[in-house]
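Chain by chain, the residues:
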Protein chains: 2
Amino acid sequence: MASKTRQQKDRHQEILEAAARVITERGLAETRISDIADRCGVSPGLILYYFESKDRLLVEALTFANDQFYLRFSREMRRIKTAREQLDRLIELSVPGLLPEYERLDEWALWIEIWVRALRDPMMAKEREVLDRRWRQSIADIIRFGRETGEFPAGWDAEELGLQIGATIDGLAIQVLMNDTVFSPTRMQRVSLEVASRLIGFELEPAEA
Amino acid sequence: MASKTRQQKDRHQEILEAAARVITERGLAETRISDIADRCGVSPGLILYYFESKDRLLVEALTFANDQFYLRFSREMRRIKTAREQLDRLIELSVPGLLPEYERLDEWALWIEIWVRALRDPMMAKEREVLDRRWRQSIADIIRFGRETGEFPAGWDAEELGLQIGATIDGLAIQVLMNDTVFSPTRMQRVSLEVASRLIGFELEPAEA
DNA sequence: CCAGGATTTGAATCGCCAGTCAACTTGGCC
DNA sequence: GGCCAAGTTGACTGGCGATTCAAATCCTGG
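Attention here is on the structure that accompanies the text.

Procedures and definitions
- Residues numbered from 1 in each chain as written.
- Chains lettered and ligands numbered in written order.
- Predicted model: local features only at pLDDT ≥ 70, side-chain atom pairs only at ≥ 80, totals over all residues.
- Least-squares fit on C-alpha atoms with pLDDT ≥ 70 in both.
- Contact = placed C-beta atoms within 7 Å.
- Helix = DSSP H or I, 4+ residues; strand = E, 2+ residues; numbered from the N terminus.
- Nonpolar A, V, L, I, M, F, W, Y, C, P; charged D, E, K, R; others polar.
- Expected span 1.5 Å × (residues − 1).
- Buried ≥ 20, exposed ≤ 12 C-beta atoms within 10 Å, placed from the backbone.
- Axes fitted to C-alpha atoms, helices over the stretch in contact; angles between N-to-C directions.
- Left-handed = near helix turned anticlockwise from the far one by under 90°.

Turning chain A through 180 degrees and shifting it by 0.0 Å along the axis lays it on chain B, with an RMSD of 0.0 Å. A rotation of that kind, with that shift, is consistent with a two-fold axis. Across chain A, the smallest distance between a C-alpha and the rotation axis is recorded for A:Gly171, namely 1.9 Å.

As structure tokens, then:
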């Protein structure tokens, strides 16, 4: 029984992973059930055996991909001992294409898909809100942590700052994602740090790159 | 001949307007040719008589809508005499849902559609870049103007600031658009101004609202 | 009023793809 | 081994929607 359940879980997750990859490559709009099936090396019918509809599968795949990223991110944060370094890392991970190993570029493409869909699909809107809150929370946590350790000064509500800094990163990321030539990843990294330092109120050492 | 051409142009534009409205309401993905035709009170066939394909029509409609907005915006800017007031107005217009008359909320929804599509459609990617450059340019123009009049201090490259401020506004706008409860339009307006003042380097009078 | 081109129509075509289903396979259990 | 339930297949159905097209209709200049 345990193994049966395990089996199911694997298939389930395997499909979600395949779906996320296909969406990344072809875009939500161009993703067909059979693409996902091909990716799994499985027949199209099976996909619908595990998911009640294409729509629900797509929404789950999108949040699944984000969960994956968040888990890795979150585990990593716990190992970093200063708030400043946490912030650096968070920004590093947020810049599309800066770190090849994280495929962050793809992450952002998925975010945009989530946004479009959330505009009209209540299920996705709700999921999106959760993901978003979690992300802002992470930033706020770093700020609170930095205040505890004395790295950052007291100041505005950490939640509020999380929102502001998160939004700024979003906007910059879009620019980088779209406009590869005009706005380079490195530049985004620099600007993000500058904005964060001014909003949080810590001193930024002069240019390091 | 003049009237014939005029006729054509009207139909052409009429279709673009209808398309933009339909896209706003239903989303790019759910927009059918027949929806657009219905909106014009015309048969579906006619749409394809004026546009070579649905795809091209959609791309044109998206840029058309943005042009419309930009024209209004641009005309308005010319009438405003101080850079600071121009900036205020620009931000006011950028906040989704702050000013009902501009339907700016819809504008932003269209932007997100543009982004998604630009990720994979080269034609749209090119259009997007033009629209984006123009918008950043507008911000840079305000900054340069403010420096001429002495309202703003000299400092970083105006183009660079246009990029940074533009990106920040993008990110904030998404938050407002998605998260109506968490991040209110008024709050976005305030934050945008604060960020702009710090980046440009002018003094912001204490809270005005 | 007429010819001829520009518009407009709406029915017909065509391909595509989500979702269904009946049959087949597999693996665990008695 | 034989049985059952869970997994899996792939052919099939249905509907949808972009495009095409031949037939109206409208307009304009002559």
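Here the narrative resumes, following the displayed structure.
Taken together, the contact pairs 28 residues of chain A with 28 residues of chain B. Those elements that provide at least two residues to the side of chain A that touches chain B are α6 (104-120), α7 (122-148), α8 (158-178) and α9 (185-200) of chain A. Here the side of chain A that touches chain B takes eleven residues from α8(A), the largest share from any one element. Here the side of chain A that touches chain B is composed, by residue class, of 15 nonpolar, six polar and seven charged.

What follows concerns helix α4 (residues 54-79) of chain B. Look at α4(B): 38 Å from first C-alpha to last across 26 residues, which is about the 38 Å you get at 1.5 Å a residue. Here α4(B) has its buried residues at B:Leu57, B:Leu58, B:Val59, B:Ala61, B:Leu62, B:Thr63, B:Ala65 and B:Asn66.

A few words now on the environment of A:Arg84. Residues and elements named next belong to chain A. Turning to its location among the elements, Arg84 is positioned in helix α5 (residues 83-94). Residues Arg84 and Ala29 lie 55 residues apart in sequence; the distance between their C-alpha atoms is 40 Å. With near-sequence residues (within four places) excluded, Arg84 lies in contact with Gly146 and Glu151.

What follows covers the packing of α8(A) against helix α8 (residues 158-178) of chain B. A pair of packed helices can be characterised by two numbers: the angle between their axes and the separation between those axes. Their axes nearest at 7 Å, the elements α8(A) and α8(B) cross at an angle of 115 degrees. Here α8(A) and α8(B) pass one another in a crossing that is right-handed. Packed against α8(A), whose contacting residues are A:Leu163, A:Ala167, A:Thr168, A:Ile169, A:Asp170, A:Gly171, A:Leu172, A:Ile174 and A:Gln175, the element α8(B) presents B:Leu163, B:Ala167, B:Thr168, B:Ile169, B:Asp170, B:Gly171, B:Leu172, B:Ile174 and B:Gln175 at the interface. In terms of residue class, the contact of α8(A) with α8(B) is made up of ten nonpolar, six polar and two charged.

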